[in-house]
Amino acid sequence: MLNFAILETGAFWWAVLNGLAVTLALTTLSTGLGFLLGGIIASVHIYGGGGARLAAKTYIFIFRGVPLLILLFLVYYGLPRVTWLRGSLFWDLVLTSPFRTAVFVLTINNAAYLGEMIRGGLKMVPPGLLEAAAAVGMTKTRAYFRVHAPLALRSILGNLGSETIAVVKASAITSVITVRDLMGGPTVVGKIYLDPLTPLLVVGVIYVVIVQIIDLGTKLLRSHLAQPDVPQSQHL
Amino acid sequence: MYPSSLPRAPLLEVRNLRKSFGSLEVLKGVNIAAAKGDIVTLIGSSGSGKSTLIRCINFLEEPTQGEIVLDGVVYSAIPLRRRSRRQNADLVYLRRKVGMVFQSFNLWPHRSAIENVMEGPVQVLGVSKKEARENALGYLEKVGLSDRIDYYPSQLSGGQQQRVAIARALAMEPAILLFDEPTSALDPELVGEVLRVMQNLASEGRTMIIVTHEMQFALEVSSEVVFLSKGNIEERGSPSDVLKSPKSEALASFLQRYRS
Ligand SMILES: Nc1ncnc2c1ncn2[C@@H]1O[C@H](COP(=O)(O)OP(=O)(O)O)[C@@H](O)[C@H]1O
Ligand SMILES: [Mg+2]
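The structure displayed is predicted, hence computed values, not measured ones.

S.K.: Sorry if this is basic, but what is going on with the overall build of chain A here?
M.R.: Looking only at helices and strands, chain A features 9 helices and 0 strands. In sequence order, the secondary structure elements of chain A are arranged as α-α-α-α-α-α-α-α-α. The principal-axis extent of the C-alpha atoms belonging to chain A is close to 70 × 55 × 25 Å. Taking all 236 residues of chain A together, the buried fraction comes to 42%. Long-range pairs, those at least 24 residues apart, make up 75% of the contacts in chain A between residues at least 6 apart in sequence. With an accessible surface of roughly 12500 Å², chain A has 70% of that area assigned to carbon and sulfur atoms.

S.K.: Mind showing me how you'd approach the overall build of chain B here?
M.R.: Looking only at helices and strands, chain B has 9 helices and 10 strands in total. Its C-alpha radius of gyration of 18 Å places chain B within 12% of the 18 Å reference for a compact globule of 260 residues. Viewed in the frame of its principal axes, chain B has a C-alpha envelope of about 50 × 45 × 40 Å. For chain B, the residues scored as buried account for 56% of the 260 residues in total.

S.K.: Whenever I open this one, the pattern of salt bridges confuses me. Can you help?
M.R.: Charged atoms that come close allow side chains of opposite charge to pair. With the rule as written, the count across this model stands at 14 salt bridges over all chains. One salt bridge in this structure joins E204(B) and R206(B), with 3.0 Å as the shortest N-O distance. Here E204(B) falls in the partly exposed class, since its relative accessible area comes to 40%. In the salt-bridge network here, residues are joined through shared partners; they are E131(A), R55(B) and E61(B).

S.K.: Help me understand the UniProt feature "domain: ABC transmembrane type-1" (unreviewed entry) in chain A in this model?
M.R.: Mapped onto this numbering, the UniProt entry gives "domain: ABC transmembrane type-1" (unreviewed entry) at residues 20-218 of chain A. Note that residues 20-218 of chain A is 80% helix and 0% strand, and that its end C-alpha atoms are spaced 20 Å apart.

S.K.: Looking at this structure, how should I read the UniProt feature "transmembrane region" (unreviewed entry) in chain A?
M.R.: Residues and elements named next belong to chain A. Here the UniProt feature "transmembrane region" (unreviewed entry) sits at residues 20-47, 59-79 and 192-214. Regarding residues 20-47, the helix share stands at 100% and the strand share at 0%, and the terminal C-alpha atoms are separated by 39 Å. Taken end to end, residues 192-214 comprises 83% helix and 0% strand; its first and last C-alpha atoms sit 32 Å apart.

S.K.: When you look at the packing of helix α2 (residues 50-65) of chain A against helix α5 (residues 98-124) of chain A in this model, what are you seeing that I'm missing?
M.R.: Between two packed helices, the angle of one axis relative to the other and the distance separating the axes together describe the packing. Residues and elements named next belong to chain A. One can describe the packing of α2 onto α5 by two numbers: an axis separation of 8 Å at closest approach and a directional angle of 120 degrees. Classified by the angle their axes make, α2 and α5 are oblique. Where α2 crosses over α5, the two elements pack in a sense that is left-handed. Between α2 and α5, the residues in contact are Y59, I60, F63 and R64 and I108, N109, A111, A112, Y113, G115 and E116, respectively. Here the residues of the contact of α2 with α5 sort into 7 nonpolar, 2 polar and 2 charged.

S.K.: Teacher, can you tell me more about the interface of chain A and chain B here?
M.R.: Often, the extent of an interface is quoted as the loss of accessible area upon association of its parts. Contacts between the two partners involve 26 residues from chain A and, on the opposite side, 31 residues from chain B. The contact between chain A and chain B buries some 2500 Å² in all, and 58% of this surface belongs to carbon and sulfur atoms. On inspection of chain A and its partner chain B, the count reaches 2 salt bridges. E131(A) serves as the salt-bridge partner of R55(B), at 2.8 Å between the closest nitrogen and oxygen. At the surface where chain A touches chain B, the tally comes to 7 residue pairs in polar contact (both at pLDDT 80 or more).

S.K.: Would you mind going over the side chain of T27(A) with me for this structure?
M.R.: Take T27(A): it is sitting in helix α1 (residues 10-47). The contacts of T27(A), once residues within four sequence positions are left out, are G32(A), T164(A), V167(A), V168(A) and S171(A).

S.K.: Got a minute to help me understand the site of ligand 1 in this structure?
M.R.: All names here are of chain B. Residues in close proximity to ligand 1 include F21, L24, V26, S45, S46, G47, S48, G49, K50, S51 and T52, which together make up its full environment. A distance of 2.7 Å is found between an oxygen atom of ligand 1 and a backbone nitrogen or oxygen belonging to G47. Relative to its unbound accessible area of 560 Å², ligand 1 is 59% covered by the protein chains. At the level of elements, β2 (24-34) and α1 (50-57) are the ones that each hand at least two residues to the shell around ligand 1.

S.K.: Before we go on, may I ask you to explain the layout of surface pockets in this structure?
M.R.: One simple way to see leftover space: roll a probe sized like a water molecule over the atoms. In this structure, the largest pocket spans a volume of roughly 1200 Å³. Surrounding the largest pocket, 34 residues form its lining, Y47(A), A134(A), K140(A), N88(B) and R95(B) being those nearest its centre. Looking at the lining of the largest pocket, the elements that each hand over two or more residues are α1, α5, α6 (127-135) and α7 (140-170) of chain A together with α2 (85-97) of chain B. Residues that form the lining of the largest pocket fall into these classes: 18 nonpolar, 5 polar and 11 charged.

S.K.: Got a minute to help me understand unusual backbone geometry in this structure?
M.R.: All names here are of chain B. At N16, a position not held by glycine, the phi torsion is positive, near 45 degrees. Along the chain, the position of N16 falls in strand β1 (residues 12-21). Residue N16 is classed as partly exposed on the basis of its relative accessible area of 33%. In this model, F59 sits at a positive phi of 60 degrees, which is unusual for a non-glycine residue. Mapped onto the elements, F59 comes out in the loop between α1 and β4 (65-70).

Cut-offs used in this document
Per chain, the residues get numbers from 1 upward, laid out in the order the sequence is written. To label them, take the chains in the order written and letter them from A, then take the ligands in the order written and number them from 1. With pLDDT at 70 or above as the cut-off, local features in this predicted model cover only qualifying residues; side-chain atom pairs require 80 or more to be listed or tallied, and sums for whole chains, interfaces and linings still use all residues. Only hydrogens and water are set aside; all other atoms, that is, all heavy atoms of the structure, feed into the side-chain values. In DSSP terms, a helix is any run of H or I states spanning at least four residues, a strand is any run of E spanning at least two, and both are numbered starting from the N terminus. Note on classification: 1.4 Å probe, protein chains only; a residue is buried when its accessible area is under 20% of the maximum for its type, exposed when over 50%, partly exposed between these limits. Contact criterion: two residues are considered in contact whenever any of their non-hydrogen atoms come within 4.5 Å of each other. For accessible areas, the Shrake-Rupley method is used with a probe of radius 1.4 Å. Any residue's cover is judged against the shown protein chains and nothing else. The globule rule used here is 2.2 Å times the number of residues to the 0.38 power, and the radius of gyration it is set against is calculated over C-alpha atoms. What makes a salt bridge here is a side-chain nitrogen of Lys or Arg within 4 Å of a carboxyl oxygen of Asp or Glu, nothing more. UniProt positions are given in the numbering used here, feature names are shortened, and annotations may be inferred rather than shown by experiment. The convention used is that axes are lines fitted to C-alpha atoms, helices contributing only their stretch in contact, and that angles between N-to-C directions extend from 0 to 180 degrees. Orientation categories follow fixed angle ranges, with anything under 35 degrees roughly parallel, anything over 145 roughly antiparallel, 65 to 115 roughly perpendicular, and all other angles oblique. Each crossing is labelled by how the near helix is turned from the far one, with a counterclockwise turn of less than a right angle marking it left-handed and a clockwise turn marking it right-handed. For this classification, the nonpolar set comprises Ala, Val, Leu, Ile, Met, Phe, Trp, Tyr, Cys and Pro, the charged set comprises Asp, Glu, Lys and Arg, and every other residue, Gly included, is treated as polar. The quantity reported as buried area is the accessible area (1.4 Å probe) lost by two parts once they are put together, taken as the sum for both. What qualifies as a polar contact is a pair of N or O atoms within 3.5 Å, subject to a donor-acceptor requirement within protein and to the restriction that residues adjacent in sequence count only when both atoms come from side chains. Only heavy atoms are used to decide nearness, and a residue is near a molecule or strand if one of them lies within 4 Å of it. Residues are said to line a cavity or pocket when one of their atoms sits within 4 Å of a point; the points come from a 1 Å grid over protein atoms alone, cavities being sets where a 1.4 Å probe fits but cannot get out and pockets being open sets with protein on both sides within 12 Å along at least five of seven lines. Grid points are joined across faces, edges and corners, and a volume is the space filled by probe spheres set on the points.

Encoded structure:
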């Protein structure tokens, strides 16, 4: 039966606080790194030659298709069995900690989703705007950073918000490889106090709040980047 | 004026330009020359290759054969092959000296009018923001948009957008300006304001290659009118010769359709 006694223990709230920090770190790191990797993959897809393009396509095809849970298990339980990885930088940097393994797997996964999304954004920019950049003498690289990427980013901003929300929630799954995130930390305390349900309720509410905050943040960012309806100032 | 009494070294030459899209040959060996201050007007029915021709001049379209000569520098077609880094740098140099105004304006929607005008000088020429801004104010004044400098493209009428686009091209101080049907996307009542700006540019002695269907305008400003038909120059000469007394059947019937 629910008696909520766990709510009066310091250990529980400590776990919630810690878990919150871990979840936010997981989300921020894997979204940031995934965005970077996804941006590169998308740009290679759009600008690259045949081979690079195929590689980008294959990446998105595979990592958008494989369930996160399978990827997580494969990396956490599978890769440490690959003996020649032992002692490599990858081993030390990623495989030695569940948290970093989780960041790695979420990044790989995010990069596929974000890559596909960014690719869509890049394709939506009218070619004439890039021709205009070329016509004033911009190099392809400059036109990419001044015109193509900023416009693509603006067009996917809404989706970016919902993607981040999906990541926050999906990151809860990393508790299966013992990451003490918002899901993992408090539920472990719940087991000790023989109360598995209260932690879930509390944590569920916190997830809802996080999602609302991200939603709000995206809206603010969008209105900040949108062109104003009325020009702010006249400089003459 | 055409025909010129004194031979002048052309500022721009298009030599034996050919362009095919797959098996479709769109330009079949076109030659054009413009001396400083010349205004060459290209006319021709839809699909005759006018846009392709003008886009080949600044290599937005890679010619299949032929060369563009600007100010004595020869830029050759390099079909079928990716340009080397060096050759790309050459193109960037060419494009800095050739301004282009598009039918659909192509202003960057995330930048205000003045930012659109400043972008090329700041990003490509390395002009300081302060100086670029001062210059941009001058160019926007020239096109009559001093009171719209902080407006975004979406807040401007088509005619205003096209005038910003002209200011953007002017800001690079190009040796030559290309216009591809600059008024074709405009509501009829907005055509005049853009043509007036172009008329002013003409009277400043700017060198321009203009694709247009505005026959009265062509008659007034051109030093040469070139009639393009199915990828060939069918007829060329002074505006009054070409527009008033066409020799070929094709030009006569083309003009018939545009005389309203
Ligand atoms: N990128 C392209 N790919 C294939 N065909 C094209 C392309 N651009 C133009 N064309 C073709 O070339 C011909 C000339 O087009 P264009 O130069 O736009 O004519 P105009 O500007 O005189 O109307 C048309 O038949 C058009 O369909
Ligand atoms: Mg055209």
